[in-house]
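# Structural characterization, general
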Amino acid sequence: MNRSTARRWIWFAVICLALLGLSIAAGAWLTEHVPEHVTLVVDGDRTEIGELHGMHWLMAGLGVFIAALVLLVVLPLALIFGLGVPLLVVAGVLVVG
């Protein structure tokens, strides 16, 4: 592994750790600012969510982290493969044909 590749991986790791820290902070903030009792109603069925305990802030933070990672990694890849590859195929057909 050369220096350029190592720097890229280090920056990727720093960005992931910063994103994880922000996500856990967001999860902690969410658990502190949620009302004590929340009622969810789905298709007429009521579900009561009681008080948050213990490590719920960690689970909320990891949920935010996974959602952010999907937005930062999966969405651009889907756009690249969904739009970029067909455009490259069309360009290749136009060049050859």
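The structure this text deals with has already been given above.
To keep things clear, this report deals only with the structure shown in the data block. Throughout this description, residue numbers start from 1 for each chain and increase along the sequence as written. Per-residue local features are limited, in this predicted model, to residues with pLDDT of at least 70; the limit for side-chain atom pairs, both in listing and counting, is 80 or more; totals at the level of whole chains, interfaces and linings are taken over all residues. Where side-chain values are given, they derive from all heavy atoms of the structure, hydrogens and water being excluded.

Turning our attention to the overall build of the chain. Here a helix means four or more residues in a row that DSSP labels H or I, a strand means two or more in a row labelled E, and each is numbered from the N terminus. Counting its secondary structure elements, the chain contains two helices and two strands. Moving toward the C terminus, one meets the helices and strands of the chain in the order α-β-β-α. We compute the radius of gyration over the C-alpha atoms and compare it with the globule rule, which gives 2.2 Å times the number of residues raised to the power 0.38. A compact globule built from 97 residues should have a C-alpha radius of gyration of about 13 Å, whereas the chain, at 21 Å, is more than 25% larger. Projected onto its principal axes, the C-alpha positions of the chain cover 65 × 45 × 15 Å. When accessible area is computed with a 1.4 Å probe and restricted to protein chains, residues below 20% of their type maximum are described as buried, those above 50% as exposed, and intermediate ones as partly exposed. In the chain, which comprises 97 residues, the share counted as buried stands at 8%. Here, two residues are considered to be in contact whenever any of their heavy atoms come within 4.5 Å of each other. Long-range pairs, those at least 24 residues apart, make up 56% of the contacts in the chain between residues at least 6 apart in sequence.

A separate point is the pairing of strand 1 (residues 38-42). Here strand 1 runs beside strand 2 (residues 45-49); their pairing, made up of five bridges, is antiparallel. Paired with threonine 39 across the bridge in strand 2 is glutamate 48. Two strands pair if DSSP finds at least two bridges between them.

Summarising the element assignment, leucine 40 is placed in strand 1. With a relative accessible area of 42%, leucine 40 lands in the partly exposed category.

The phi dihedral of aspartate 43 falls on the positive side, at around 55 degrees, and the residue is not glycine. Note that aspartate 43 resides in the loop between strand 1 and strand 2.

The next thing to look at is the pairing of strand 2. Burial analysis of strand 2 places just zero of its five residues in the buried class, which makes it a mostly uncovered element. Taking the residues that link successive antiparallel strands as the turn, the strand 1-strand 2 hairpin has two residues, and the phi of aspartate 43 there is positive, at about 55 degrees.

Next up on the list: the environment of alanine 25. Its location among the elements puts alanine 25 in helix 1 (residues 3-32). For the pair formed by alanine 25 and glycine 63, sequence separation is 38 residues and the distance between their alpha carbons is 12 Å.

The subject of this paragraph is helix 2 (residues 56-96). An expected span of 1.5 Å times one less than the residue number is assigned to each helix. In this model, helix 2 (41 residues) spans 58 Å end to end at C-alpha, consistent with the 60 Å of a helix rising 1.5 Å per residue. Two axes enter the bend calculation: one fitted to the seven residues ending at the residue in question, the other to the seven starting there, and the bend is the angle between them. The principal kink in helix 2, of about 30 degrees, is found at valine 70.

Side-chain rings of Phe, Tyr and Trp (the six-membered ring for Trp) are treated as a pair once their centres are within 6.5 Å; stacked means planes under 30 degrees apart, edge-to-face means over 60, and tilted covers the remaining angles. In the structure shown here, the tally under the stated rule is one aromatic pair. Their ring planes at 90 degrees and their centres at 5.9 Å tell us that tryptophan 9 and phenylalanine 12 sit as a pair that is edge-to-face. Residue tryptophan 9 and its partner phenylalanine 12 are both found in helix 1; the two are separated by three residues, about one turn of the helix. Note on tryptophan 9: relative accessible area 53%, which makes it exposed.

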